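Listed here are the chains, written in short residue letters.
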Amino acid sequence: MATIQKGWAQEAWAQTVTKVDKTSKRIGDGFPHASVGGEYKLEPAYWWTAGFWPGLLWLLYRDTKDEGLKQLAESCEQQLDQVVTDYYRLDHDIGFMWTLTSVANYKLTGADDSKRRALLAANLLAARFNVKGNYIRAWNPWREGEDNAGWAIIDCMMNLPLLHWASLTTGDPRFKEIAVRHANMAVEHFIRPDGSVNHIVIFDPATGEKLSVNGGQGFAPESAWSRGTAWAIYGMSLSYKYTGDEKYLQAAKRAAHFFLANLPEDHVPHWDFRLPDGIPAYRDSSAGACAACGLLLIAEQVNSQEASLYREAGERILHSLYTNYGAWDSETEEGLVTHGTSHYPEGKNIDVPLIYGDYYFVEGLSRLLGHGEFFW
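Residues numbered from 1 in each chain as written. Predicted model: local features only at pLDDT ≥ 70, side-chain atom pairs only at ≥ 80, totals over all residues. Heavy atoms only, no water.

Peer 1: Could you clarify how one ought to interpret the overall build of the chain in this entry?
Peer 2: Secondary structure summary: the chain contains 12 helices and nine strands in total. Relative to the compact-globule value of 21 Å for 376 residues, the chain shows a C-alpha radius of gyration of 19 Å, a close match. Each principal axis of the C-alpha distribution contributes one length, and for the chain these read about 55 × 50 × 45 Å. For the chain, with 376 residues in total, the buried portion stands at 59%. Computing the positive centroid from 34 side-chain charges and the negative centroid from 47, the chain places the two 4 Å apart. (Helix = DSSP H or I, 4+ residues; strand = E, 2+ residues; numbered from the N terminus. Rg over C-alpha atoms; globule rule 2.2 N^0.38 Å. Buried < 20%, exposed > 50% of the residue type's maximum accessible area, 1.4 Å probe, protein only. Lys, Arg positive; Asp, Glu negative; His and termini not counted. Charge placed at Lys NZ, Arg CZ, Asp CG, Glu CD.)

Spelled out as structure tokens, the structure:
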């Protein structure tokens, strides 16, 4: 395998700064989700991806000190206040939303209002914990009469850092305890022996008994949704970072080995690793970007003999995203990274740039370059 020259990452960072400076003029303090026809569609502030654009802006501000980017990120954060007031739209993605806005702001600037917002969000997230099943409830009913009180999803591993941060900030162990119990549940019920991952596990909310699994955004219950595997790689490695509990590191490694073993030649995953013949094998660049961040974090937490395996794998993914999937010079595409797949089963946002793919790509670059504070 050819050696990757390290200078590409600095070049990619510079191109990212240039492109975001341009796209931020239109996107402003909006909440992009998926690029449609080359332009990011803006969603309401309550949408689960609301944190990724301001999070990306904070990553760039941290190193450029561009006050314009800071002001946009702060405005996004302030708009989330109404989401708390409205309440009904809040779900487990409180973690995604406030970690990349209020926690990011507090870590970088020490803003007391951001600390307050993040602690309130952590309390609201903790309130979704079901003590019988030891899981954080994922969603609220999507439609009249629906009952999903027993649903937990692998994505929630990325919401747990908000709870760990709250315990570290306040000295109150309640938040961490909830995060640990949910992570323990995920090791038991989400990570399969071969390292593939369930997307949705359904419990009886009254007794905590596991009832079934659901394919969710993967092709089928028994398939292997690639972004779910990426959530597991990064989420479990973050749980290990906060707790030092070896089982989380082993779970992250198991998911990582499955992910890497199933990558195509260009190191960017298909949207599901187990697709029957006749189903389009679209790439999901967002899964690759998120997994790369998790692989780089694993590399920081293992011995030197192992570290190169994970670091080089993460770099190969990011380098492929940069060289084969980047839209750096495109005047007709706002996204940074093309060919993401959001929700194939529902036919939503297939083969397009996704804001969380852009975010994780930029965070991955930042990790490769040895930049400072991260927000999870």
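Past the structure itself, the notes keep going.
Peer 1: Would you mind going over the pattern of salt bridges with me for this structure?
Peer 2: Think of it this way: side chains of opposite charge can pair up when their charged atoms draw near. Within this structure, the stated rule accounts for 20 salt bridges. One salt bridge in this structure joins D63 and R62, with 2.9 Å as the shortest N-O distance. On the basis of relative accessible area, D63 is assigned to the partly exposed category, the value being 35%. A relative accessible area of 9% places R62 in the buried class. Ionic pairing is found between R181 and E177, a salt bridge with its closest N-O pair at 2.9 Å. Highlighted residues: R181 and E177, both in helix α7 (residues 174-189), separated by four residues, approximately one helical turn. Judged by its relative accessible area of 35%, R181 falls in the partly exposed class. (Salt bridge = Lys/Arg side-chain N within 4 Å of Asp/Glu carboxyl O.)

Peer 1: Hey, could you run me through the side chain of T16 in this one?
Peer 2: Looking at the element boundaries, T16 is found in helix α1 (residues 7-27). Under the relative-accessibility criterion, T16 is labelled buried at 0%. Residues contacting T16, with those up to four places away along its chain left out, are L60, W328, L336, F361, V362 and L365. (Contact = heavy atoms within 4.5 Å.)

Peer 1: Sorry, what's going on with the pairing of strand β1 (residues 32-36) here?
Peer 2: Along any regular strand, the residues point their side chains to alternate faces of the sheet. When you tally the buried positions in β1, you get four out of five residues, the bulk of the element. When β1 meets strand β2 (residues 39-42), the two strands line up antiparallel, connected through three bridges. Across the sheet, the residue bridging to P32 is L42, located in β2. Counting the residues between successive antiparallel strands, the hairpin from β1 to β2 contains two residues, one of them, G37, with a positive phi of roughly 65°. (Pairing = 2+ DSSP bridges.)

Peer 1: Is there a simple way to explain the nonpolar core in this structure?
Peer 2: Soluble globular proteins tend to pack their nonpolar side chains together in the buried interior. L163, Y360 and F361 are the most contacted members of the largest nonpolar core, which totals 123 residues. Ranked by residue count, the leading element in this core is helix α10 (residues 285-301), at 10 residues. One finds W139, W151, I153 and I202 within the second-largest nonpolar core, a separate group that totals six residues. (Core = buried A, V, L, I, M, F, W, Y, C linked by side-chain atoms within 4.5 Å.)

Peer 1: Looking at this structure, how should I read the sheet that holds strand β5 (residues 151-153)?
Peer 2: Sheet strands pair via backbone hydrogen bonds, and the direction of the pair is either parallel or antiparallel. Reading across from one edge, β5-β6-β7 is the order of the three strands in this open sheet, with antiparallel pairing throughout. Taken across any chain shown, the strands that pair with only one partner, and hence form the sheet edges, are β5 and β7 (210-214). Strand-to-strand twist across the sheet, computed as the mean angle between neighbouring axes with direction ignored, equals 25°. Here three bridges tie β5 to strand β6 (residues 200-203), and the two strands are oriented antiparallel to one another. Bridged to I153 within β6 is I200. (Axes fitted to C-alpha atoms, helices over the stretch in contact; angles between N-to-C directions.)

Peer 1: How do you make sense of the packing of aromatic side chains when you look at a structure like this?
Peer 2: Centre distance and the angle of the planes are the two values used to describe a pair of aromatic rings. As enumerated under the stated definition, the model contains 27 aromatic pairs in all. Between F52 and Y356, the ring centres sit 5.9 Å apart and the planes meet at 55°, which makes this aromatic pair tilted. Here the residue F52 occupies a position in helix α2 (residues 52-64), and Y356 occupies one in helix α12 (residues 355-368), the gap between them amounting to 304 residues. Comparing F52 with Y356, the two get one shared label, buried. Linked through ring pairs, W48, F52, F96, W231, Y234, Y356, Y359, Y360 and W376 together constitute an aromatic cluster. Over the ring of Y46 we find R89; its NZ or CZ atom is 4.1 Å from the centre of that ring. In this structure, R367 is placed above the aromatic ring of F374, and the distance from its NZ or CZ to the ring centre is 4.2 Å. (Phe/Tyr/Trp six-rings, centres within 6.5 Å; stacked < 30°, edge-to-face > 60°. Lys NZ or Arg CZ within 6 Å of the ring centre and 35° of its normal.)

Peer 1: Honestly, the environment of L321 in this entry has me stumped. Any pointers?
Peer 2: Tracing the backbone shows L321 in helix α11 (residues 304-325). Remark: the alpha-carbon pair of L321 and T338, spanning 17 residues in sequence, is separated by 8.4 Å.

Peer 1: I tried to follow helix α6 (residues 160-170) on my own but got confused; where do I start?
Peer 2: Every α-helix winds through 3.6 residues per turn, so residues three or four apart in the chain are directed the same way. Of all 11 residues making up α6, eight are buried, and the element is well covered by its neighbours. Three or more residues of α6 are buried, namely L160, P161, L162, L163, H164, W165, A166 and S167. Where α6 is buried, its residues touch α4 (94-109), α5 (112-126), β4 (135-136), α7 and α8 (226-243).

Peer 1: Where do I start with the packing of α10 against α11 in this structure?
Peer 2: Two numbers describe a pair of packed helices, the interaxial angle and the distance between the axes. As a packed pair, α10 and α11 sit with axes 8 Å apart at the nearest point and diverge in direction by 155°. By the criterion of interaxial angle, the relationship of α10 to α11 is roughly antiparallel. Here α10 and α11 pass one another in a crossing that is left-handed. Here S285, G288, A289, A292, L295, L296, I298 and A299 of α10 lie close against α11, whose contacting residues are A307, Y310, R311, A313, G314, I317, L318 and L321. Considering only residue class, the contact of α10 with α11 consists of 12 nonpolar, three polar and one charged. (Parallel < 35°, antiparallel > 145°, perpendicular 65-115°, else oblique. Left-handed = near helix turned anticlockwise from the far one by under 90°. Nonpolar A, V, L, I, M, F, W, Y, C, P; charged D, E, K, R; others polar.)

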